[in-house]
Structures are given as structure tokens and as C-alpha cells.
Amino acid sequence: MPTGLVALLDDISVIARAAAASLDDVSAAAAKAGSKAAGVVIDDAAVTPSYVTDFTPDRELPVIWRIARGSLFNKLVILLPAALLLSAFLPAAITPILMAGGLFLCFEGAEKVLEKLGAEKHGETLEDQPADVAAFEEQRVSGAVRTDLILSAEIMAITLSDLGGQSIFQQGVILALVGIAITVLVYGAVGFIVKMDDIGLHLAKKPSATARATGAVLLKAMPILLTVLATVGTLAMLWVGGQIILHGSEKLGLHGPADIVHAAQHAVEAATGPLAGVLGWLTNAVLSAIVGLILGGIVAWIVHFIAKARGKH
């Protein structure tokens, strides 16, 4: 009996070590795959505050929580099983679906650029004093969750592309881990950003000179940061959307547009020495954003033309 018990414990310890090693492998793979999506994560964090800043302070965190909850639903309930099913049974459909999402981002970004240039604004803000504030909030949350769906799809696709050697179960676990971690990171950062003025006001009332000085800096930085984020968010939509379409076109056999962007990037890298990495990336990003702006502008024109024809604009 003692020998049997010892053997059983040995077996359990072997299984436990194997499980621990497997978890370590999954964690490492999740960290590696998630890091490749860092650019889209930054875009997500830059875009989201624009959906929240119109609200009164008491509604900011509840709205962020609703968007974060919608983001988790997007990633875990819609995108994760869809990604696994498409990867297993219809991998050819992933690229066209991503390109459609990229075109939507281009449209959203182009709309914001056109509004900045004086075109008619679309969608209410609290400055318009909407008759139904609850409906306005619902519309804003829905818009944020729709945009998050596209960005989350890109994050999941980038993550999935790095998991070729993993089993379907491991792919699912890693996608879930990356989705949860990125959601917490993005919406935690967004929550801090939109409440920065409240934190600054709280610190400004403290007796400590250091706390008051920190509070004053936060209060002064808040409007500047929001302006920067609004600009970065618009550019991010165009950049990410343009890159999705360029990469997708390349995968589908249309290499011309992507080749032009790559050639320009390589030319800048060859001419700029120590700054080659930064300026080469910037060249790629700017050209991708221009592609996104052109395509998004065309879509915006079509959408507005149809709306006017139907008498809804």
C-alpha cells in the first residue's frame, strides 16, 4: 500500500509539472503574440476617450465600464470562436472580413477629418442638448463598441497569426488571455485619462505642496492630452484601416499599392541612417493613413449621397 501511494503521488507530481510547463508555454505564447498587437492596442486606447469625454463626470466611469464590457463580449463571445472556426474551416475568409472592417475604420476616420475641415457634423454631442440623454449615451456606447469590434478583430487576427504551432485548445486559451489582458489595459488607461482632471482637482486640495503641484499639472495637462488623443485617435483609424486594406490586398494578389508603400519606406530607411527605423515606420504609417483617408473619403461620399437621395440628410 505505501508503495502504491508513493507511485500515485509520483504520477500526480509528473502530471502537475507537465501542466505547469504547459501553462508556462501558453503564458509565454500569449505574451509574445499580444506584444505584436501593441500598435493596435495603442490605437484602441487613443480612440476610446473621444466616445466618453462629452459626458458629465458622474457618467464617465459607468460609460467606460459599459464599453469595456462590450469589448470583452466582442473578444470572447464573438471574435474568439469566429477566429477559431474560420482558422480551422475557412481561413481564406479572414482577410476579406478584416478588409471590410478596415474600410469601416477608414470611413470613421475620414468622417472626423471632414468635420474638422468644416463639413457638416454627424451625430449629437451633449452641447446639442439631446432631448433623450439616455438614448444619446446608448448611441455613444454602441458606436464605441462597434469601433472596438474592428480593432479587437485586428488584435485577435494578429495574435492568431502567431499561433500556428499551437493546438486549437491552446489557441483558444491564448486568444482569451490576450483579449482579457488587453481589455483591462486599454480601459484601465482610458479610465485614468478621463478622470485625470478629477484626480488633479482632488490633489490640488491636499495640504502637501507636492500633491498640489501634481494636481495643478494634471489639471493643465488634461485638455491638451484630450486634444492630442482626439487627433491621434483619428489618425489611428486611418492608419490602421489603411494598413489592413494594404496588407489584405497584398494577400489577395494585388501587390501594387503595398509595394509602393514598402518601396517608399525602404528608400527613407536607406537615406536616414541612425533614424532609419523611426522614419521608415513613420513613412509607412503616413502613407497607410493617406490610403485610408482616400478610401474612407470615397465611402463617406457614397454614404452621404445615398442618405441625401433618401431624404435622411
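In this text, all values refer to a predicted model and were calculated from it rather than measured experimentally. (Residues numbered from 1 in each chain as written. Predicted model: local features only at pLDDT ≥ 70, side-chain atom pairs only at ≥ 80, totals over all residues. Heavy atoms only, no water.)

Mapping Ala144 onto the fold places it in helix H5 (residues 133-161). Overall, Ala144 belongs to the buried group, its relative accessible area being 5%. Separated by 78 residues in sequence, Ala144 and Arg66 place their C-alpha atoms 9.8 Å apart. Once residues lying within four places of it in the same chain are set aside, the contact partners of Ala144 are Tyr51 and Ile67. (Helix = DSSP H or I, 4+ residues; strand = E, 2+ residues; numbered from the N terminus. Buried < 20%, exposed > 50% of the residue type's maximum accessible area, 1.4 Å probe, protein only. Contact = heavy atoms within 4.5 Å.)

Before going further, it helps to spend a moment on the layout of surface pockets. Taken as a whole, the second largest pocket encloses approximately 430 Å³ of empty space. Of all the secondary structure elements, the ones that give two or more residues to the lining of the second largest pocket are helix H4 (94-116), H5 and helix H8 (209-251). (1 Å grid on protein atoms, 1.4 Å probe; cavity = no way out; pocket = protein on both sides within 12 Å on 5 of 7 lines; lining within 4 Å. Points joined across faces, edges and corners; volume = space filled by probe spheres on them.)

Here the focus is the confidence of the model for the chain. Considering every residue of the chain, the mean pLDDT works out to 78; 77% of them sit at 70 or more. Looking across the chain, the model is least confident in helix H1 (residues 2-36), with a mean pLDDT of 47, and most confident in helix H9 (residues 256-271), with 91. Every residue in residues 8-27 is under pLDDT 50, and counting partners more than four places away or in other chains gives 5 contacts. (pLDDT = per-residue confidence, 0-100.)

It is worth spelling out the packing of helix H6 (residues 168-194) against helix H7 (residues 196-204) at this point. For the pair H6 and H7, the least separation of the axes is 4 Å and the interaxial angle reads 50°. One element, H6, and the other, H7, form an angle in the oblique class. Two secondary-structure elements touch here, H6 through Phe192, Ile193 and Val194 and H7 through Met196, Asp197 and Ile199. A class-by-class count of the residues in the contact of H6 with H7 yields 5 nonpolar, no polar and 1 charged. (Axes fitted to C-alpha atoms, helices over the stretch in contact; angles between N-to-C directions. Parallel < 35°, antiparallel > 145°, perpendicular 65-115°, else oblique. Nonpolar A, V, L, I, M, F, W, Y, C, P; charged D, E, K, R; others polar.)

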